[in-house]
Amino acid sequence: MQEVLQQLWIPLAMAVSFGAFTGSLFRLSGRPGSERPLMFPVLGLLGGLTAFMIHQVLVWTVGAPTWLLPTLVVLQVWLWLGPLGPKIPRREQDPRE
């Protein structure tokens with residue numbers, strides 16, 4: 001039981017929390033979406049979960065190194081919040097303001 005905790009649950013929790021943190025940092029990049037500030041950490045959390053699953057498949061098939069997991073998390077969060085992310089329309093500034 002202790003071995004399962006060390007090999008599965010702890011890296012999963014770390015990947016998900018790092019994804020949420022990276023998503024929160026991505027919010028500071030100035031992208032539109034400040035109307036929905038919770039979107040960034042939630043998509044980061046999902047990106048971390050997806051990166052963990054991809055890493056586990058790579059570990060089981062080709063023996064991927066441990067350092068690949070944080071790299072995959074950052075790449076997943078960047079993809080999900082960047083080019084493949086939600087399309088948020090920019091609000092036009094009212095010239096009277």
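Residues numbered from 1 in each chain as written. Predicted model: local features only at pLDDT ≥ 70, side-chain atom pairs only at ≥ 80, totals over all residues. Heavy atoms only, no water.

Novice: Help me get a handle on the overall build of the chain, residues and values and all.
Specialist: Helix and strand content of the chain: three helices and zero strands. The order of helices and strands in the chain, counted from the N terminus, is α-α-α. Taking all 97 residues of the chain together, the buried fraction comes to 32%. Carbon and sulfur atoms make up 68% of the accessible area of the chain, which amounts to about 6,900 Å² in all. (Helix = DSSP H or I, 4+ residues; strand = E, 2+ residues; numbered from the N terminus. Buried < 20%, exposed > 50% of the residue type's maximum accessible area, 1.4 Å probe, protein only. Areas by Shrake-Rupley, 256 points an atom, 1.4 Å probe, with all protein chains shown as cover.)

Novice: So what's going on with the packing of helix 2 (residues 39–62) against helix 3 (residues 68–81)? Which residues, and what values?
Specialist: At a minimum axis distance of 8 Å, the contact between helix 2 and helix 3 shows a crossing angle of 135°. Taken together, the axis directions place helix 2 and helix 3 in an arrangement best described as oblique. In terms of crossing hand, the pair formed by helix 2 and helix 3 is right-handed. Residue-level inspection shows Phe40, Leu43, Gly44, Leu46, Gly47, Gly48, Thr50, Ala51, Phe52, Ile54, His55 and Leu58 of helix 2 in contact with helix 3, the latter providing Leu68, Leu69, Leu72, Val73, Gln76, Val77, Trp80 and Leu81. (Axes fitted to C-alpha atoms, helices over the stretch in contact; angles between N-to-C directions. Parallel < 35°, antiparallel > 145°, perpendicular 65-115°, else oblique. Left-handed = near helix turned anticlockwise from the far one by under 90°. Contact = heavy atoms within 4.5 Å.)

Novice: Account for helix 2, with residues named and values stated.
Specialist: The terminal C-alpha atoms of helix 2 lie 34 Å apart, and with 24 residues this matches the ideal 34 Å at 1.5 Å per residue to within 8%. Listing the buried residues of helix 2 in full gives Met39, Phe40, Pro41, Leu43, Gly44, Gly47, Gly48, Ala51, Phe52, His55 and Gln56. Residues of helix 2 that are buried sit in contact with helix 1 (2–26) and helix 3. In the stretch just after helix 2, Gly63 is the one whose phi turns positive, near 75°. (Expected span 1.5 Å × (residues − 1).)

Novice: Which residues make up the confidence of the model for the chain, and what are the values?
Specialist: Residue-level pLDDT values for the chain average 82, and 77% of them are 70 or greater. The least confident element of the chain is helix 1, whose mean pLDDT is 85; the most confident is helix 2, at 92. (pLDDT = per-residue confidence, 0-100.)

Novice: Talk me through the nonpolar core; I want residue IDs and the actual numbers.
Specialist: Counting 14 residues, the largest nonpolar core has Ala15, Phe40, Phe52, Leu69, Val73 and Leu81 as its most contacted members. Only helix 1, helix 2 and helix 3 provide two or more residues apiece to this core. Every residue in contact with Val73, bar those within four places of it in the chain, is listed here: Ala15, Phe18, Gly19, Gly48 and Ala51. (Core = buried A, V, L, I, M, F, W, Y, C linked by side-chain atoms within 4.5 Å.)

Novice: Tell me about helix 1, residues and numbers included.
Specialist: For helix 1, with 25 residues, the first-to-last C-alpha span of 35 Å sits near the 36 Å given by 1.5 Å per residue. Along helix 1, the sharpest kink reaches roughly 30°, centred on Trp9 and followed within four residues by the proline Pro11. Check the buried side of helix 1 and you find it contacts helix 2 and helix 3. (Bend = angle between axes of the 7 residues up to and from the residue.)

Novice: I'd like a description of a nonpolar patch on the surface, backed by residues and values.
Specialist: Together, Val4, Leu5, Leu8, Trp9, Ile10 and Met14 give the surface a local cluster of nonpolar side chains, amounting to about 550 Å² of exposed area. Mapping Met14 onto the fold places it in helix 1. For Met14, a relative accessible area of 55% puts it in the exposed group. (Patch = residues over 30% accessible without salt bridge, like charges linked within 9 Å, V, L, I, M, F, W, Y side chains within 5 Å. Salt bridge = Lys/Arg side-chain N within 4 Å of Asp/Glu carboxyl O.)

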